[in-house]
Amino acid sequence: MNNVNHRPLAEFCEPTIILIDPKREPEREFWYIDISAVDNTLKRIASPQRVQGKLASVRARQVICTNDVLVATTRPNLNAVALVPEQYDSEVCSTGFCVLRVGDGLDPEYLYYFVQSQAFINPLVDLTKGALYPAVTDRQVLARCVPWFPLDEQRQIAVRLKAQLAEVETARQAAQAQLSDTRLLRARLL
């Protein structure tokens, strides 16, 4: 793996995402995922809103599919990213996301873990330095290069990363529980 081939995301991602205007179907309800709906610690969709077309945000435009990788283009330093689970297939996300829908040659879980890396985040943050509104464009996201390996290796890497991150989450939860116990103990002693 020393001789890694880096290729731009644009080579692997579908160039067009279906755009809709929810106001054209004012009574239709759908799940809407905006940036605040993504937990940037757990890297998942945590609190989408159920909305009717007539009440939808003007940014509610992009139809998403299972295994799309959502990358928030506003404040990239916060790394609000998520892998779309099956329950949100054909729902709608904000234009504040770059929707990465991979085709052949790139595993969606591998991409999901890559977009969480500093190698992906830092160059995007650098693009926003000095800007009044820290944001990047979809084009800038798609220009980022991903370390490319054959699909079977990508899947193996994704499996290992998933296991390691699950261990990190377990440790985080244990630390949070200890902190809560410490606060309770302190309150009882006082």
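Residues numbered from 1 in each chain as written. Predicted model: local features only at pLDDT ≥ 70, side-chain atom pairs only at ≥ 80, totals over all residues. Heavy atoms only, no water.

### Some remarks on the environment of Q49
Reasoning step 1: When you line up the elements, Q49 lands in strand β5 (residues 49-52).
Reasoning step 2: Measuring from C-alpha to C-alpha, the distance between Q49 and F30 comes to 8.2 Å, with 19 residues separating the pair along the chain.
Reasoning step 3: Setting aside anything within four residues of it in sequence, one finds Q49 in contact with F30, W31, Y32 and D34. (Helix = DSSP H or I, 4+ residues; strand = E, 2+ residues; numbered from the N terminus. Contact = heavy atoms within 4.5 Å.)

### Remarks on the environment of Q156
Reasoning step 1: As for its placement among the helices and strands, Q156 is situated in helix α4 (residues 151-189).
Reasoning step 2: Residue class for Q156 comes out partly exposed when judged on its relative accessible area of 46%.
Reasoning step 3: Sequence separation between Q156 and Y110 is 46 residues, and the spatial gap between their C-alpha atoms is 8.8 Å. (Buried < 20%, exposed > 50% of the residue type's maximum accessible area, 1.4 Å probe, protein only.)

### Details of the sheet that holds strand β2 (residues 29-33)
Reasoning step 1: Spatial ordering of the open sheet is given by β5-β2-β9-β6, a layout of four strands whose pairing is mixed. The sheet is open, and its two edges are formed by β5 and β6 (60-63), each paired on a single side. Each adjacent strand pair in this sheet contributes to an overall mean axis angle of 45°, direction not counted.
Reasoning step 2: The pairing of β6 with strand β9 (residues 92-94) spans three bridges and is antiparallel. Looking at β9, one finds that A60 is bridged to S94. (Pairing = 2+ DSSP bridges. Axes fitted to C-alpha atoms, helices over the stretch in contact; angles between N-to-C directions.)

### Looking at the state of the cysteines
Reasoning step 1: Summed over all chains, the structure comprises zero disulfides.
Reasoning step 2: Unpaired in this structure, C13 has its nearest cysteine sulfur neighbour in C98, at a distance of 7.4 Å. (Disulfide = S-S within 2.5 Å.)

### Here's the deal with the packing of aromatic side chains
Reasoning step 1: On inspection of all chains with the given rule, the structure shows four aromatic pairs.
Reasoning step 2: Arranged with centres 6.3 Å apart and planes meeting at 80°, the rings of W31 and Y88 form a pair that is edge-to-face. Pair noted here: W31 is in strand β2 and Y88 is in the loop between β8 (81-83) and β9, with a separation of 57 residues, a long-range link.
Reasoning step 3: Classification of W31 by relative accessible area gives partly exposed; the value is 30%.
Reasoning step 4: Relative to F149, the ring of Y110 has its centre 6.3 Å away and its plane inclined at 85°; by these criteria the two rings are edge-to-face. In this pair, Y110 is assigned in helix α1 (residues 108-114) and F149 in the loop between β11 (145-148) and α4, connecting sequence segments 39 residues apart. (Phe/Tyr/Trp six-rings, centres within 6.5 Å; stacked < 30°, edge-to-face > 60°.)

### Some words on helix α2 (residues 118-128)
Reasoning step 1: Along α2, the residues that are buried comprise F120, I121, L124, V125 and T128. The arc that holds the buried residues of α2, viewed along the axis, is 120°, so those residues lie on one side.
Reasoning step 2: Where α2 is buried, its residues meet β7 (69-72), α1 and α3 (138-143).
Reasoning step 3: Backbone geometry just after α2 places G130 at a positive phi near 85°. (Arc of directions from axis to C-beta.)

### Focus: the side chain of T128
Reasoning step 1: Turning to its location among the elements, T128 is positioned in helix α2.
Reasoning step 2: The exposure class of T128 is buried, given its relative accessible area of 9%.
Reasoning step 3: Separated by 2.7 Å, the side chain of T128 and the backbone oxygen of V125 make a polar contact.
Reasoning step 4: For T128, the residues in contact, after removing those within four places along its chain, are P76, P134, A135 and V136. (Polar contact = N/O pair within 3.5 Å; in protein donor to acceptor, adjacent residues only side chain to side chain.)

### Examining the nonpolar core
Reasoning step 1: Judged by nonpolar contacts, the single largest core of 28 residues is most densely connected at L9, V69, L100, L106, L111, V115 and F120.
Reasoning step 2: Ranked by residue count, the leading element in this core is α1, at five residues.
Reasoning step 3: With residues up to four places along the chain from it excluded, the contact list for L111 reads L9, V69, L100, V102 and L106.
Reasoning step 4: Counting 15 residues, the second largest nonpolar core, distinct from the first, contains A37, V38, C93 and F97. (Core = buried A, V, L, I, M, F, W, Y, C linked by side-chain atoms within 4.5 Å.)

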